[in-house]
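Listed below, chain by chain, are the residues.
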Amino acid sequence: MLDATPKTTCDQKAPFDPREWLRLAAMPHFMCPGCGHGIALRALLAAVHDCGIAKDDLAVVCGIGCSGRVGGYIDANTMHTTHGRPLAFATGLKLARPDLTVVVVTGDGDCLAIGGNHLIHAARRNLDITCLMLNNEVYGMTGGQASPTTAATRVTSTTQSGAIEPTFDACALAAAAGAGFVGREVTRQAPALKTLIARALRHKGFAFVEVMSDCTEIYGRKNDLGEAPEMILSQKADMRPEQHRDAPDQPFRPNALPTGVFVERDLPEYGERLRAHAAAIRGEITP
Amino acid sequence: MRPLPQEDFAPAPRPASAGLNILVVGVGGQGVLMISKALALMAQRRGFAVKQSEVHGMAKRGGIVFSHVRFAEQVWSPTIARGEADMLIALEWAEALRWLDHLRPGRGVFIADTRKIVPPFACRSRKLGAPSAYARETPADVVGRHADGCALDATGIATALGDSRAANTVLLGRLSAWLDYPVAEWHEVIAAIVPKGTREINRAAFDAGRAWTPPAPDEAPAASAAAAVAPGPDLRIGVSIDAAWCKGCGICVKLCPERCLAMDGPKAIVRTPAACTGCRVCEWLCPDFAVTVRNEGVPA
Ligand SMILES: Cc1ncc(C[n+]2csc(CCOP(=O)(O)OP(=O)(O)O)c2C)c(N)n1
Ligand code: SF4
Ligand code: SF4
Ligand code: SF4
Ligand SMILES: [Mg+2]
């Protein structure tokens, strides 16, 4: 039987130094000036540090996109997989190595368009994986096509006269599909984002975190959203305290989505179920 | 805190027949109105005419909340004039001080939680560890000198019982020691006004407050009072920007609350390091890990 006990779960008290967690030879990273994905990366590393997870016990699985490139800068076990499929790869990895803390970093296109089915089934199974979806409302990497989260009226290379499709509320989708933990935060609230990710990492079961990120170079420019500082300032009025309150926060920007923890529930975890099931079957057939 | 003279704490119960003016003060969210409701209900049950008036406009923002409770054979004015309160119940230390002049000179009873809730406008400097403009007076300065009464760590007592929010009921319990109404009746009144699920803790908090005795002189908590007056340590904050990683997005420059940083061509630089408070906004929000904020500790 596989050992599912995580090796390191102590709470870390030493100060956080991101340079200890980055592949320094690959830095500076490839992302454009002001790209929100870099802020999300820092929050993820700080959360991993807070949870006291050792590098060897962390596996980060990424899809394709600017968001998918995030994992490559982390000095831990990392996988760059195929477009839309990081959750499928992560499912295999977590079942084979339940002792690892498995984190998926994906984008709105990666996770909701081509990978939409993988998301709903990962949530339904409730395997112990933390999924970070960096939502910049666009396909950043391929030059700015519309994604399932592109807001109405936004200009992209595939919506030249403004988007008209309704969007996905990814958190509502994950919750409806059965995820045990669901939350959302904006990069502007990086300390709160870190706390949210740490909570998701500690949750046993499928934890979905949507990070509202800014694509400054493409989405921001095409839509006249200002430079990086203006874009991040428009996310929320002010820095909030680090801790999440119980009730979700209402958005600052009109028509934006609320932030906070929406779902936190104990559900049977898939890996445990599968191992118990397999053991039961073995017990029946081998005397 | 200086040891408080023991005699001051033997409350002489007031006859149930006498009317009283009781002022309950605090800040939003502490439960000022719960105390005044319990008092009003109790007085009503004893056949008094009761008037209660309150101000809680800024309550949601941690602003002041106060409530006047008056009961007697006949009550005309709904408010208590300066110098006419028989009792002042304060849930927050600075509020206690602010309302002291409403107590009857020489014979008003003063009961306060020593808990401090420092309002944002008391923070004159945003530097880490900078002293605040919060009231300097310690419980020892007030209790013995101005009035009959006591200052207790009601929040600490309630926290030890399981919920810091029951601090108001701890103070109500303390107050009850000055009134000769039966304990069972207080329990009934409290059970009638608190949410069902909190009856147990509120009852325990009431009993703890009623049974409270001042700490013996040597175990009096000196530290909390001292912390209020001593200025914070002068911390050295070091902010640096790694030019090799900075992509010049301008986020740190525009979002630093103290305007410490500036653009120098395509890169950000630290312009006025002395103004840095160590808030780390720049460090958290730099997408390129180029900013490092170090707390270099207290200079020797
Ligand atoms: C099978 C497949 N189809 C299409 C692509 C092209 N492609 C690369 S990234 C991407 C979209 C990425 O968008 P998103 O997931 O939102 O990431 P972002 O770059 O915005 O972070 C697409 C369609 C691909 N690499 N593989
Ligand atoms: S294209 Fe957009 S999402 Fe991709 S790195 Fe640049 S700013 Fe970020
Ligand atoms: S830590 Fe950064 S943002 Fe905060 S005051 Fe210092 S330079 Fe400004
Ligand atoms: S936030 Fe970072 S990358 Fe942007 S200007 Fe400041 S130091 Fe440079
Ligand atoms: Mg995207």
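Residues numbered from 1 in each chain as written. Chains lettered and ligands numbered in written order. Predicted model: local features only at pLDDT ≥ 70, side-chain atom pairs only at ≥ 80, totals over all residues. Heavy atoms only, no water.

## Quick word on the overall build of chain A
Per the secondary structure count, chain A includes nine helices and nine strands. A total of 287 residues make up chain A; the buried ones form 53% of that total. In chain A, 71% of the contacts between residues at least 6 apart in sequence involve partners at least 24 apart. Roughly 12300 Å² of accessible area belongs to chain A as shown, and the carbon and sulfur atoms make up 56% of that amount. (Helix = DSSP H or I, 4+ residues; strand = E, 2+ residues; numbered from the N terminus. Buried < 20%, exposed > 50% of the residue type's maximum accessible area, 1.4 Å probe, protein only. Contact = heavy atoms within 4.5 Å. Areas by Shrake-Rupley, 256 points an atom, 1.4 Å probe, with all protein chains shown as cover.)

## Observations concerning the overall build of chain B
Assigned secondary structure in chain B consists of ten helices and ten strands. Carbon and sulfur atoms form 55% of the exposed surface of chain B, whose accessible area is close to 14300 Å².

## Focus: the interface of chain B and chain A
Counting from both sides, the interface comprises 18 residues of chain B and, opposite them, 31 residues of chain A. Contact with chain A buries area across many residues of chain B, yet B:Trp245, B:Trp284 and B:Phe289 alone supply 41% of it, more than any other trio. Where chain B packs against chain A, one counts three salt bridges. In this structure, the salt-bridge partner of A:Arg19 is B:Asp242, at a minimum N-O distance of 3.3 Å. Put simply, the parts of the chain that give the side of chain B that touches chain A at least two residues each are α9 (251–255) and α10 (281–285) of chain B. For the side of chain B that touches chain A, the element with the most residues is α10(B), which contributes four residues. (Buried area = accessible area lost by both parts, 1.4 Å probe. Salt bridge = Lys/Arg side-chain N within 4 Å of Asp/Glu carboxyl O.)

## Section: the site of ligand 3
Neighbouring ligand 3 are B:Cys256, B:Pro257, B:Glu258, B:Cys260, B:Cys276, B:Thr277, B:Gly278, B:Cys279, B:Arg280, B:Val281, B:Cys282 and B:Val293. Per-class residue counts for the shell around ligand 3 are eight nonpolar, two polar and two charged. (Near = heavy atom within 4 Å. Nonpolar A, V, L, I, M, F, W, Y, C, P; charged D, E, K, R; others polar.)

## Comments concerning the site of ligand 1
All names here are of chain A. Close contacts around ligand 1 come from 17 residues, with Cys66, Asp108, Asp110, Val138 and Gly140 the closest. Here Cys66 contributes a backbone N or O atom positioned 2.8 Å from an oxygen atom of ligand 1. A distance of 2.8 Å separates an oxygen atom of ligand 1 from a polar backbone atom of Val138. About the coverage of ligand 1: the protein hides 73% of its 580 Å² of free accessible area. Broken down by secondary-structure element, the contributors of at least two residues to the shell around ligand 1 are α3 (108–114) and β5 (138–139). Per-class residue counts for the shell around ligand 1 are six nonpolar, nine polar and two charged. (Polar contact = N/O pair within 3.5 Å; in protein donor to acceptor, adjacent residues only side chain to side chain.)

## Description of the UniProt feature "domain: Thiamine pyrophosphate enzyme TPP-binding" (unreviewed entry) in chain A
Per the UniProt record, the feature "domain: Thiamine pyrophosphate enzyme TPP-binding" (unreviewed entry) sits at residues 65–211 of chain A. Secondary structure across residues 65–211 of chain A comprises 33% helix and 22% strand; the distance between its end C-alpha atoms is 15 Å. (UniProt positions renumbered as here; feature names shortened; annotations may be inferred.)

## Things to note about helix α6 (residues 183–193) of chain B
Here α6(B) has its buried residues at B:Glu185, B:Trp186, B:His187, B:Val189, B:Ile190 and B:Ile193. Considering only its buried residues, α6(B) is in contact with α1 (32–45), α5 (167–176) and α7 (199–211) of chain B.

## Regarding the sheet that holds strand β8 (residues 207–212) of chain A
Residues and elements named next belong to chain A. Reading across from one edge, β2-β1-β3-β4-β8-β7-β9 is the order of the seven strands in this open sheet, with mixed pairing throughout. Both edges of this open sheet fall to β2 (77–80) and β9 (260–264), since each of them pairs with a single strand only. Across the sheet, the axes of successive neighbouring strands diverge by a mean angle of 15°, strand direction being ignored. Of the strand pairs in this sheet, strand β1 (residues 58–62) and β2 are connected by four bridges, and their pairing is parallel. In the sheet register, Val60 faces β2, and the bridge partner there is Thr78. (Pairing = 2+ DSSP bridges. Axes fitted to C-alpha atoms, helices over the stretch in contact; angles between N-to-C directions.)

## Quick look at the confidence of the model for chain A
Scored by pLDDT, chain A comes out at a mean of 90, with 87% of its residues at no less than 70. Segment residues 237–245 of chain A is flagged for pLDDT under 50; beyond a separation of four residues in sequence, or across chains, it makes 26 contacts in the model. (pLDDT = per-residue confidence, 0-100.)

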